[in-house]
Amino acid sequence: MDGNGRWAEERGLPRLAGHRAGTDNIRAILECCVELGVEVLTIYAFSTENWRRPRDEVEGLFALMTEVIERETEELHRIGVRVHHVGWLDDLPAHLVQAMETAIRTTSENRRFTLNVAFNYGGRAEVVRAIRRIVREGVAPESIDESTIDRYLATAGQPDPDLIIRTAGEMRLSNFLVWQSAYAEYFSTPTYWPDFGRANLLAAIDVYSHRTRKFGGVLTA
Ligand code: IPE
Ligand code: MG
């Protein structure tokens, strides 16, 4: 979800106004995904690298996140969404940890749709933590394969992402699901995240549906 800052700056508003605007369309995007039969949506809300931002912005993001989770949990539960956190709760303020834990607990039985909230998340750190756990548990080296790694990641049990959408014109992965996205299709749009709505999502999925995915193989008739 990139471009909140630029969206605000172009309007002469503080960056946090852009972050707030960027939370208003999440519900519409999620509902559209549910209607289309998508099973998993991961929103990249705060990376382990975002701590480098000015303190005011970081704290503003945490406050906003808490507010949005608290406000949305009941409705997410009503429409059958399971909230899952991808990342680490350590170092986050207590209000945010509590909001996240309540959302996870309230929605844990839902099976229709999974919303992964990537918050305080980094793909490389996720792989490092997976390896540490594998070693700590004494897993036999010869028994380790790709599915072993999968099982130790925060997305264990979930399918790999099919489509990764990046807004605001950037063409980088920025440490997002680095292991899981090995064969994902990429879609980059110049639209800033607060302006990214239903029509943009449908356009991205239309482009995706015309891609040919070969996973390293060749097409067979
Ligand atoms: C993305 O918008 C939102 C978060 C990282 C929370 P940015 O804040 O990165 O927006 P730009 O890149 O400055 O436009
Ligand atoms: Mg950015």
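Residues numbered from 1 in each chain as written. Chains lettered and ligands numbered in written order. Predicted model: local features only at pLDDT ≥ 70, side-chain atom pairs only at ≥ 80, totals over all residues. Heavy atoms only, no water.

Novice: So what's going on with the overall build of the protein chain? Residues and values would help.
Specialist: Each helix and strand counted, the protein chain has eight helices and five strands in total. Since a compact globule built from 221 residues should have a radius of gyration of about 17 Å, the 18 Å found for the protein chain is in line with a globular shape. Counting over 221 residues, the protein chain shows a buried share of 43%. Total accessible area on the protein chain stands at roughly 12,300 Å², and carbon and sulfur atoms take up 53% of it. (Helix = DSSP H or I, 4+ residues; strand = E, 2+ residues; numbered from the N terminus. Rg over C-alpha atoms; globule rule 2.2 N^0.38 Å. Buried < 20%, exposed > 50% of the residue type's maximum accessible area, 1.4 Å probe, protein only. Areas by Shrake-Rupley, 256 points an atom, 1.4 Å probe, with all protein chains shown as cover.)

Novice: If you had to explain the pattern of salt bridges to someone new, which residues and values would you point to?
Specialist: Per the stated rule, a full pass over the model turns up 19 salt bridges. For the salt bridge of Arg166 with Asp2, the shortest nitrogen-to-oxygen distance reads 2.9 Å. Separated by 164 residues along the polypeptide, Arg166 in strand β4 (residues 163-166) and Asp2 in the segment before α1 (4-9) bring together distant segments of the chain. Across the pair, exposure class does not vary: Arg166 and Asp2 are buried alike. Of the charged contacts, one joins Arg6 and Glu170 as a salt bridge, the two residues approaching to 3.1 Å between their closest N and O atoms. With Arg6 in helix α1 and Glu170 in the loop between β4 and β5 (185-188), the pair connects residues that are 164 residues apart, well separated along the chain. You can call Arg6 partly exposed: its relative accessible area is 29%. (Salt bridge = Lys/Arg side-chain N within 4 Å of Asp/Glu carboxyl O.)

Novice: Would you mind going over the environment of Leu61 in detail, with residue names and values included?
Specialist: With respect to the element layout, Leu61 can be found in helix α4 (residues 55-78). Along the backbone, Leu61 and Leu16 are 45 residues apart, and their C-alpha atoms lie at a distance of 7.5 Å. Setting aside chain neighbours within four positions, we find Leu61 in contact with Leu16, His19 and Phe46. (Contact = heavy atoms within 4.5 Å.)

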